[in-house]
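Chain and residue survey
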Amino acid sequence: MNSLPEASVDLIFADPPYNLQLKGDLHRPDNSKVDAVDDHWDQFDSFKIYDEFTRDWLAAARRLLKPNGAIWVIGSYHNVFRMGAELQNQGFWILNDVIWRKSNPMPNFRGKRFTNAHETLIWASKSEEARPTFNYEALKALNEGVQMRSDWMLPICTGHERLKDENGDKTHPTQKPEALLHRVILGTTNPGDVVLDPFFGTGTTGAVAKMMGREYIGIEREESYRNAAEKRLARIRKFDKEALTVSASKRAEPRVPFGQLVERGMLRPGEVLMNARGQLAKVRADGTLISGDAKGSIHQVGAALEHAPSCNGWTYWHFKREGKTVPIDVLRQQIRAEMS
(Lines give C-alpha, C1' and ligand atoms only; values in the text may rest on other atoms or scores of the structure.)
Protein backbone atom coordinates (compact mmCIF):
# COMPACT_ATOMS: atom_id res chain seq x y z
CA MET A 1 0.00 0.00 0.00
CA ASN A 2 2.83 2.38 0.81
CA SER A 3 4.18 2.00 -2.74
CA LEU A 4 0.99 3.36 -4.35
CA PRO A 5 0.55 7.08 -5.17
CA GLU A 6 -1.07 9.31 -2.59
CA ALA A 7 -4.75 10.27 -3.17
CA SER A 8 -5.13 7.78 -6.04
CA VAL A 9 -8.08 5.66 -4.88
CA ASP A 10 -11.82 6.44 -4.82
CA LEU A 11 -12.98 3.62 -2.55
CA ILE A 12 -11.39 1.02 -0.30
CA PHE A 13 -13.14 -2.18 0.72
CA ALA A 14 -11.23 -3.90 3.50
CA ASP A 15 -11.93 -7.38 4.85
CA PRO A 16 -8.97 -7.79 7.22
CA PRO A 17 -8.21 -10.76 9.48
CA TYR A 18 -10.80 -10.89 12.26
CA ASN A 19 -8.46 -12.22 14.96
CA LEU A 20 -11.05 -14.84 15.95
CA GLN A 21 -8.99 -16.20 18.87
CA LEU A 22 -10.23 -19.76 18.34
CA LYS A 23 -9.30 -22.25 21.04
CA GLY A 24 -9.15 -25.83 19.79
CA ASP A 25 -11.18 -27.61 17.12
CA LEU A 26 -14.91 -27.14 16.60
CA HIS A 27 -17.15 -30.16 15.94
CA ARG A 28 -20.74 -30.63 14.82
CA PRO A 29 -23.20 -32.75 16.83
CA ASP A 30 -22.30 -35.76 14.63
CA ASN A 31 -18.66 -35.20 15.67
CA SER A 32 -17.55 -34.07 12.20
CA LYS A 33 -15.00 -31.28 12.27
CA VAL A 34 -16.01 -27.77 11.24
CA ASP A 35 -13.73 -26.13 8.69
CA ALA A 36 -13.22 -23.06 10.86
CA VAL A 37 -10.86 -20.12 10.32
CA ASP A 38 -7.66 -21.34 11.95
CA ASP A 39 -5.21 -20.07 9.32
CA HIS A 40 -1.95 -18.44 10.38
CA TRP A 41 -2.94 -15.11 8.83
CA ASP A 42 -5.77 -14.76 11.37
CA GLN A 43 -3.59 -15.34 14.42
CA PHE A 44 -2.17 -12.49 16.51
CA ASP A 45 -0.33 -12.89 19.80
CA SER A 46 -2.20 -10.08 21.58
CA PHE A 47 -4.78 -7.36 21.14
CA LYS A 48 -1.94 -4.85 21.27
CA ILE A 49 -0.28 -6.42 18.23
CA TYR A 50 -3.62 -6.57 16.39
CA ASP A 51 -4.29 -2.90 17.19
CA GLU A 52 -0.87 -1.90 15.84
CA PHE A 53 -1.59 -3.88 12.67
CA THR A 54 -4.96 -2.11 12.31
CA ARG A 55 -3.42 1.30 12.93
CA ASP A 56 -0.76 0.77 10.26
CA TRP A 57 -2.98 -0.45 7.44
CA LEU A 58 -5.66 2.18 8.12
CA ALA A 59 -3.00 4.93 8.02
CA ALA A 60 -1.84 3.59 4.66
CA ALA A 61 -5.44 3.46 3.48
CA ARG A 62 -6.16 7.06 4.44
CA ARG A 63 -3.09 8.29 2.56
CA LEU A 64 -4.31 6.55 -0.60
CA LEU A 65 -7.85 7.92 -0.59
CA LYS A 66 -8.77 10.91 -2.71
CA PRO A 67 -10.18 13.91 -0.76
CA ASN A 68 -13.74 12.71 -1.36
CA GLY A 69 -12.84 9.05 -1.03
CA ALA A 70 -14.41 6.57 1.36
CA ILE A 71 -13.68 3.24 3.00
CA TRP A 72 -15.72 0.18 3.93
CA VAL A 73 -14.42 -2.18 6.60
CA ILE A 74 -16.11 -5.42 7.57
CA GLY A 75 -15.68 -7.48 10.70
CA SER A 76 -17.29 -9.48 13.49
CA TYR A 77 -17.61 -8.73 17.19
CA HIS A 78 -14.00 -9.89 17.56
CA ASN A 79 -12.54 -6.89 15.76
CA VAL A 80 -15.06 -4.41 14.35
CA PHE A 81 -15.21 -2.24 17.48
CA ARG A 82 -11.43 -1.98 17.56
CA MET A 83 -11.43 -0.94 13.90
CA GLY A 84 -14.21 1.59 14.50
CA ALA A 85 -12.25 3.29 17.27
CA GLU A 86 -9.09 3.44 15.14
CA LEU A 87 -11.02 4.88 12.18
CA GLN A 88 -12.10 7.78 14.38
CA ASN A 89 -8.65 8.13 15.92
CA GLN A 90 -7.19 8.68 12.45
CA GLY A 91 -9.70 11.29 11.33
CA PHE A 92 -12.07 9.19 9.23
CA TRP A 93 -15.72 10.28 9.48
CA ILE A 94 -18.14 7.40 10.07
CA LEU A 95 -21.19 7.66 7.79
CA ASN A 96 -23.05 4.44 8.59
CA ASP A 97 -22.65 1.07 10.16
CA VAL A 98 -24.43 -1.65 8.21
CA ILE A 99 -25.52 -5.01 9.54
CA TRP A 100 -25.10 -7.86 7.07
CA ARG A 101 -27.69 -10.30 8.35
CA LYS A 102 -26.89 -13.74 6.97
CA SER A 103 -29.92 -15.62 5.70
CA ASN A 104 -28.07 -18.93 6.10
CA PRO A 105 -25.57 -18.57 9.01
CA MET A 106 -23.55 -21.40 10.49
CA PRO A 107 -25.30 -22.69 13.64
CA ASN A 108 -23.74 -22.44 17.07
CA PHE A 109 -22.95 -26.14 17.49
CA ARG A 110 -22.00 -25.99 21.16
CA GLY A 111 -25.27 -24.33 22.12
CA LYS A 112 -23.57 -22.01 24.60
CA ARG A 113 -24.03 -18.73 22.76
CA PHE A 114 -26.36 -17.06 20.27
CA THR A 115 -25.83 -18.07 16.66
CA ASN A 116 -23.49 -15.53 15.03
CA ALA A 117 -25.90 -14.52 12.27
CA HIS A 118 -24.44 -11.18 11.22
CA GLU A 119 -21.32 -9.20 10.46
CA THR A 120 -20.89 -5.43 10.69
CA LEU A 121 -19.68 -3.08 7.98
CA ILE A 122 -18.54 0.48 8.67
CA TRP A 123 -18.73 3.06 5.89
CA ALA A 124 -16.56 6.10 6.50
CA SER A 125 -15.34 9.06 4.46
CA LYS A 126 -11.75 10.28 4.53
CA SER A 127 -12.79 13.32 6.57
CA GLU A 128 -15.85 15.12 7.87
CA GLU A 129 -15.59 17.60 4.98
CA ALA A 130 -15.45 14.91 2.27
CA ARG A 131 -18.37 14.38 -0.08
CA PRO A 132 -18.22 10.70 -0.98
CA THR A 133 -20.27 9.11 -3.75
CA PHE A 134 -23.68 7.84 -2.67
CA ASN A 135 -25.99 6.59 -5.41
CA TYR A 136 -29.16 6.90 -3.37
CA GLU A 137 -31.59 6.44 -6.26
CA ALA A 138 -29.76 3.37 -7.57
CA LEU A 139 -29.91 1.66 -4.17
CA LYS A 140 -33.57 2.61 -3.86
CA ALA A 141 -34.27 1.06 -7.26
CA LEU A 142 -32.36 -2.07 -6.21
CA ASN A 143 -34.71 -2.28 -3.20
CA GLU A 144 -37.96 -2.10 -5.25
CA GLY A 145 -38.38 1.64 -4.84
CA VAL A 146 -37.95 1.68 -1.06
CA GLN A 147 -35.10 3.57 0.63
CA MET A 148 -32.21 1.20 1.33
CA ARG A 149 -31.87 0.45 5.04
CA SER A 150 -28.74 -0.27 7.03
CA ASP A 151 -29.64 -3.92 7.64
CA TRP A 152 -28.95 -6.12 4.65
CA MET A 153 -30.32 -9.66 4.43
CA LEU A 154 -27.97 -11.59 2.13
CA PRO A 155 -26.78 -15.23 2.09
CA ILE A 156 -23.22 -16.27 2.79
CA CYS A 157 -21.11 -17.48 -0.12
CA THR A 158 -22.21 -21.00 -1.11
CA GLY A 159 -22.94 -23.15 -4.14
CA HIS A 160 -21.48 -22.35 -7.54
CA GLU A 161 -20.01 -19.07 -6.28
CA ARG A 162 -17.83 -20.74 -3.65
CA LEU A 163 -14.36 -21.40 -5.03
CA LYS A 164 -12.96 -24.89 -4.41
CA ASP A 165 -9.44 -26.30 -4.71
CA GLU A 166 -8.43 -29.49 -6.51
CA ASN A 167 -9.52 -31.54 -3.48
CA GLY A 168 -12.97 -30.02 -3.42
CA ASP A 169 -12.24 -27.98 -0.29
CA LYS A 170 -12.99 -24.29 0.12
CA THR A 171 -10.22 -22.19 -1.43
CA HIS A 172 -10.74 -19.48 1.17
CA PRO A 173 -12.57 -19.91 4.50
CA THR A 174 -14.18 -16.45 4.50
CA GLN A 175 -14.97 -15.76 0.84
CA LYS A 176 -17.53 -12.95 0.71
CA PRO A 177 -20.61 -13.20 -1.55
CA GLU A 178 -20.66 -11.11 -4.71
CA ALA A 179 -24.08 -9.79 -3.70
CA LEU A 180 -22.51 -7.94 -0.76
CA LEU A 181 -19.88 -6.28 -2.94
CA HIS A 182 -22.44 -5.51 -5.65
CA ARG A 183 -24.41 -3.41 -3.18
CA VAL A 184 -21.32 -1.64 -1.85
CA ILE A 185 -19.86 -0.84 -5.27
CA LEU A 186 -23.19 0.10 -6.88
CA GLY A 187 -24.04 2.43 -4.03
CA THR A 188 -20.73 4.16 -3.37
CA THR A 189 -18.75 4.28 -6.63
CA ASN A 190 -19.23 5.29 -10.25
CA PRO A 191 -17.98 3.61 -13.45
CA GLY A 192 -14.28 4.32 -13.92
CA ASP A 193 -13.60 4.76 -10.19
CA VAL A 194 -10.62 2.97 -8.63
CA VAL A 195 -11.47 0.45 -5.90
CA LEU A 196 -8.72 -0.93 -3.67
CA ASP A 197 -8.99 -4.12 -1.62
CA PRO A 198 -5.90 -4.50 0.60
CA PHE A 199 -6.98 -8.00 1.74
CA PHE A 200 -7.93 -9.30 -1.69
CA GLY A 201 -8.32 -12.99 -0.89
CA THR A 202 -9.80 -14.79 -3.87
CA GLY A 203 -10.78 -11.54 -5.56
CA THR A 204 -14.49 -10.98 -4.92
CA THR A 205 -14.02 -7.19 -4.83
CA GLY A 206 -12.07 -7.24 -8.09
CA ALA A 207 -14.58 -9.54 -9.80
CA VAL A 208 -17.54 -7.30 -8.99
CA ALA A 209 -15.60 -4.11 -9.74
CA LYS A 210 -14.56 -5.46 -13.14
CA MET A 211 -18.10 -6.51 -14.04
CA MET A 212 -19.40 -3.09 -13.06
CA GLY A 213 -16.88 -1.06 -15.04
CA ARG A 214 -14.69 0.05 -12.14
CA GLU A 215 -10.92 -0.21 -11.98
CA TYR A 216 -9.53 -2.27 -9.12
CA ILE A 217 -6.33 -2.91 -7.20
CA GLY A 218 -5.98 -6.06 -5.14
CA ILE A 219 -3.26 -6.77 -2.57
CA GLU A 220 -2.89 -10.32 -1.27
CA ARG A 221 0.16 -11.92 0.33
CA GLU A 222 -1.01 -15.58 0.24
CA GLU A 223 0.08 -17.17 -3.03
CA SER A 224 -2.74 -19.73 -3.20
CA TYR A 225 -5.36 -16.99 -2.91
CA ARG A 226 -3.61 -14.85 -5.52
CA ASN A 227 -3.57 -17.74 -7.98
CA ALA A 228 -7.27 -18.40 -7.43
CA ALA A 229 -8.09 -14.71 -7.83
CA GLU A 230 -6.15 -14.40 -11.09
CA LYS A 231 -7.98 -17.37 -12.62
CA ARG A 232 -11.31 -16.02 -11.43
CA LEU A 233 -10.70 -12.51 -12.78
CA ALA A 234 -9.62 -13.84 -16.16
CA ARG A 235 -13.14 -15.25 -16.61
CA ILE A 236 -14.93 -12.00 -15.73
CA ARG A 237 -16.44 -9.84 -18.45
CA LYS A 238 -17.42 -6.20 -18.01
CA PHE A 239 -21.11 -5.29 -18.35
CA ASP A 240 -21.95 -3.15 -21.39
CA LYS A 241 -22.24 0.62 -21.03
CA GLU A 242 -26.03 0.65 -21.05
CA ALA A 243 -26.20 -1.95 -18.28
CA LEU A 244 -23.82 0.12 -16.13
CA THR A 245 -26.07 3.18 -16.19
CA VAL A 246 -27.98 3.44 -12.93
CA SER A 247 -30.88 5.48 -11.61
CA ALA A 248 -30.03 9.04 -10.62
CA SER A 249 -31.99 11.78 -8.91
CA LYS A 250 -33.65 14.42 -11.06
CA ARG A 251 -31.31 17.00 -9.55
CA ALA A 252 -28.31 15.09 -10.86
CA GLU A 253 -29.53 15.24 -14.47
CA PRO A 254 -28.36 18.05 -16.79
CA ARG A 255 -30.34 21.27 -16.43
CA VAL A 256 -32.45 22.18 -19.46
CA PRO A 257 -34.00 25.69 -19.50
CA PHE A 258 -37.55 25.83 -20.87
CA GLY A 259 -36.36 28.55 -23.23
CA GLN A 260 -34.17 26.01 -25.01
CA LEU A 261 -37.31 24.20 -26.19
CA VAL A 262 -38.49 27.50 -27.71
CA GLU A 263 -35.10 28.29 -29.29
CA ARG A 264 -34.99 24.90 -30.97
CA GLY A 265 -38.54 25.13 -32.30
CA MET A 266 -39.82 22.22 -30.22
CA LEU A 267 -42.42 24.71 -28.96
CA ARG A 268 -43.20 27.88 -30.91
CA PRO A 269 -43.86 31.40 -29.55
CA GLY A 270 -47.64 31.77 -29.39
CA GLU A 271 -48.22 28.03 -28.85
CA VAL A 272 -50.74 27.24 -26.12
CA LEU A 273 -50.02 25.01 -23.12
CA MET A 274 -52.66 23.63 -20.77
CA ASN A 275 -52.85 22.21 -17.26
CA ALA A 276 -54.93 19.27 -16.02
CA ARG A 277 -57.98 21.52 -15.50
CA GLY A 278 -57.85 22.91 -19.02
CA GLN A 279 -56.45 26.32 -18.05
CA LEU A 280 -54.33 27.80 -20.82
CA ALA A 281 -51.05 29.69 -21.07
CA LYS A 282 -49.28 31.10 -24.12
CA VAL A 283 -45.59 30.55 -24.83
CA ARG A 284 -43.59 33.76 -25.34
CA ALA A 285 -40.42 34.18 -27.38
CA ASP A 286 -38.18 34.53 -24.30
CA GLY A 287 -39.29 31.21 -22.82
CA THR A 288 -41.81 32.67 -20.37
CA LEU A 289 -45.56 32.09 -20.25
CA ILE A 290 -48.56 34.39 -19.96
CA SER A 291 -51.94 33.32 -18.61
CA GLY A 292 -54.35 36.15 -17.81
CA ASP A 293 -52.57 38.41 -15.35
CA ALA A 294 -49.92 35.79 -14.57
CA LYS A 295 -46.57 36.15 -16.32
CA GLY A 296 -43.24 34.40 -15.73
CA SER A 297 -41.55 31.03 -15.93
CA ILE A 298 -43.40 27.75 -16.38
CA HIS A 299 -43.07 27.25 -12.63
CA GLN A 300 -44.18 30.75 -11.61
CA VAL A 301 -47.31 30.77 -13.80
CA GLY A 302 -48.26 27.29 -12.66
CA ALA A 303 -47.89 28.31 -9.02
CA ALA A 304 -50.01 31.44 -9.64
CA LEU A 305 -52.85 29.41 -11.19
CA GLU A 306 -52.75 26.95 -8.30
CA HIS A 307 -52.42 29.68 -5.65
CA ALA A 308 -49.48 27.66 -4.36
CA PRO A 309 -46.00 28.70 -3.18
CA SER A 310 -44.30 26.59 -5.86
CA CYS A 311 -45.01 24.36 -8.83
CA ASN A 312 -43.04 21.93 -11.02
CA GLY A 313 -43.86 23.38 -14.42
CA TRP A 314 -42.33 20.43 -16.27
CA THR A 315 -45.01 18.05 -15.05
CA TYR A 316 -47.76 20.70 -14.76
CA TRP A 317 -47.92 21.91 -18.36
CA HIS A 318 -48.91 19.93 -21.46
CA PHE A 319 -49.12 20.63 -25.21
CA LYS A 320 -51.09 19.12 -28.09
CA ARG A 321 -49.52 17.01 -30.84
CA GLU A 322 -51.58 15.07 -33.39
CA GLY A 323 -54.62 15.29 -31.17
CA LYS A 324 -52.80 13.93 -28.10
CA THR A 325 -51.96 15.75 -24.87
CA VAL A 326 -48.24 15.44 -24.07
CA PRO A 327 -46.34 16.71 -20.99
CA ILE A 328 -43.62 19.22 -21.84
CA ASP A 329 -41.21 17.10 -19.79
CA VAL A 330 -41.06 14.70 -22.76
CA LEU A 331 -39.28 17.42 -24.74
CA ARG A 332 -36.84 18.05 -21.89
CA GLN A 333 -35.98 14.34 -21.78
CA GLN A 334 -35.30 14.35 -25.53
CA ILE A 335 -32.71 17.09 -25.04
CA ARG A 336 -31.17 15.27 -22.07
CA ALA A 337 -30.84 12.11 -24.16
CA GLU A 338 -28.91 14.09 -26.77
CA MET A 339 -26.67 15.58 -24.08
CA SER A 340 -25.73 12.13 -22.74
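Presented here is an overview of the structure given in this document. (Residues numbered from 1 in each chain as written. Predicted model: local features only at pLDDT ≥ 70, side-chain atom pairs only at ≥ 80, totals over all residues. Heavy atoms only, no water.)

1. Topic: the overall build of the protein chain
Rule in force here: Comment: elements are numbered from the N terminus, with helices defined as DSSP H or I runs of at least four residues and strands as E runs of at least two. The atom set for the radius of gyration is the C-alpha atoms, and the globule formula is 2.2 Å times the number of residues raised to the power 0.38. By definition, residues are in contact when any of their heavy atoms lie within 4.5 Å. Areas reported as accessible are Shrake-Rupley estimates using a 1.4 Å probe. Residue values count occlusion only from the protein chains shown. The positive count covers Lys and Arg only, the negative count covers Asp and Glu only, and His and the chain ends enter neither. For this purpose, a charge sits on NZ of Lys, CZ of Arg, CG of Asp or CD of Glu.
Looking only at helices and strands, the protein chain features 11 helices and 13 strands. For the protein chain, whose C-alpha radius of gyration is 27 Å, the value lies well above the compact-globule estimate of 20 Å for 340 residues. Once the C-alpha set of the protein chain is aligned to its principal axes, its extents read approximately 85 × 45 × 40 Å. Within the protein chain, contacts between residues at least 6 apart in sequence are counted, and of these 67% link residues at least 24 apart. Carbon and sulfur atoms provide 50% of the accessible area of the protein chain, an area that totals close to 19100 Å². Here the protein chain holds 47 positive side-chain charges and 44 negative ones, and the gap between their average locations is 5 Å.

2. Looking at the packing of aromatic side chains
Short version of the rule: Side-chain rings of Phe, Tyr and Trp (the six-membered ring for Trp) are treated as a pair once their centres are within 6.5 Å; stacked means planes under 30 degrees apart, edge-to-face means over 60, and tilted covers the remaining angles. Accessibility here uses a 1.4 Å probe with only protein chains present; expressed as a share of the type maximum, an area under 20% marks a residue as buried, one over 50% as exposed, and anything in between as partly exposed. Only when the NZ atom of a Lys or the CZ atom of an Arg is both within 6 Å of the ring centre and within 35 degrees of the ring normal do we say a charge sits over the ring.
Per the counting criterion, the structure on display carries 12 aromatic pairs. Summarising the aromatic geometry, the rings of F44 and F53 are spaced 5.1 Å apart at their centres and angled 45° between planes, so their arrangement reads as tilted. Judged by centre distance (5.4 Å) and plane angle (40°), the rings of W123 and F134 are tilted. A residue pair is termed long-range when its members are at least 10 positions apart, and W123 in strand β4 (residues 118–125) and F134 in the loop between β4 and α3 (136–142) qualify at 11 residues. Taking the relative accessible area as the measure of exposure, W123 reaches 6% and is therefore buried. Taken together, the ring pairs connect F44, Y50, F53, W57 and F199 into an aromatic cluster. Taking the ring centre of W100 as reference, the NZ or CZ of K102 above it sits at 5.2 Å.

3. Considerations on the sheet that holds strand β1 (residues 9–14)
Basically, it comes down to this: Any two strands with at least two DSSP-identified bridges between them are counted as paired. Axis definition: a line fit to C-alpha positions, over the contact stretch in the case of helices; interaxial angles, taken between N-to-C directions, run 0 to 180 degrees.
The strand order across the open sheet formed by 7 strands is β5-β3-β4-β2-β1-β6-β7, and the pairing between neighbours is mixed. Looking at strand neighbours, the two that pair on one side only are β5 (151–154) and β7 (215–218), the edges of this open sheet. The average undirected angle you get between the axes of adjacent strands in this sheet is 20°. Examined bridge by bridge, strand β3 (residues 93–102) and β5 share 4 bridges and lie parallel to one another. Pairing of R101 across the sheet is with M153, part of β5. In the packing of helix α4 (residues 178–188) onto the sheet, contacts are made with β1, β2 (65–75), β3, β4 and β5, and the angle to β5 comes to roughly 140°.

4. Looking at helix α5 (residues 204–211)
Most of α5 sits inside the fold, with 7 of its 8 residues counted as buried. Contact partners of the buried residues in α5: β1, α4, β6 (194–197), β7, α6 (223–234) and α7 (241–244). At the exit of α5 stands G213, carrying a positive phi of roughly 75°.

5. With respect to the nonpolar core
To be explicit about the condition: As used here, the term nonpolar core means buried Ala, Val, Leu, Ile, Met, Phe, Trp, Tyr and Cys residues forming a set that is joined through side-chain atoms within 4.5 Å.
Membership of the largest hydrophobic core comes to 32 residues, with the highest contact counts inside it found for F13, W72, I74, L121, W152, L180 and V184. Broken down by element, the residue count for this core peaks at 5 residues, all from α4. Excluding anything up to four places from it in sequence, L121 contacts F13, W72, V73, I74, N96, D97, V98, W100, L180 and V184. With 24 residues, the next largest nonpolar core counts L261, V262, A281 and V283 among its residues.

6. Focus: the side chain of E220
Put simply, the rule is: Here a salt bridge means any side-chain nitrogen of Lys or Arg lying within 4 Å of a carboxyl oxygen belonging to Asp or Glu. As used in this structure description, the phrase polar contact means that two N or O atoms lie within 3.5 Å; if the pair is within protein, one of them must be able to donate a hydrogen and the other to accept it, and residues adjacent in sequence are counted only when both atoms belong to side chains.
The residue E220 is located in the loop between β7 and α6 in this model. No salt bridge is formed by the buried E220, whose closest oppositely charged neighbour, R221, lies at an N-O distance of 5.9 Å. Within the structure, E220 has its side chain in polar contact with the backbone nitrogen of E222 (distance 3.0 Å). Once residues lying within four places of it in the same chain are set aside, the contact partners of E220 are F199, F200, G201, Y225 and R226.

7. Focus: the side chain of E119
In this fold, E119 is placed in strand β4. Taking the relative accessible area as the measure of exposure, E119 reaches 9% and is therefore buried. A polar contact of 2.7 Å, which involves the side chain of E119, links it to the side chain of K102.

8. Here's the deal with the environment of L280
For L280, the location among the structural elements is in strand β9 (residues 280–283). The class for L280 is partly exposed, based on a relative accessible area of 48%. Residues contacting L280, with those up to four places away along its chain left out, are V272, L273, M274, S291 and W317.

9. Digging into unusual backbone geometry
Positive phi, close to 55°, is recorded for E144, a residue that is not glycine. Here E144 is to be found in the loop between α3 and β5. For E144, a relative accessible area of 77% corresponds to the exposed category. Of note, the phi angle at E322 is positive, near 50°, even though the residue is not glycine. In this structure, E322 sits in the loop between β12 (318–321) and β13 (324–327). Judged by its relative accessible area of 81%, E322 is exposed.

10. Observations regarding the pattern of salt bridges
Within the structure shown, the criterion is met by 13 salt bridges. Note that K176 is salt-bridged to D15, the shortest N-O span being 2.9 Å. Note that K176 is positioned in the loop between β5 and α4 and D15 in the loop between β1 and α1 (47–64), a separation of 161 residues in sequence. Comparing K176 with D15, the two get one shared label, buried. The salt bridge involving E119 is made with K102; its shortest N-O contact spans 2.7 Å. Taken together, the positions of E119 in strand β4 and K102 in strand β3 put the pair 17 residues apart, joining distant regions of the chain. A single burial state applies to E119 and to K102, both of which are buried.

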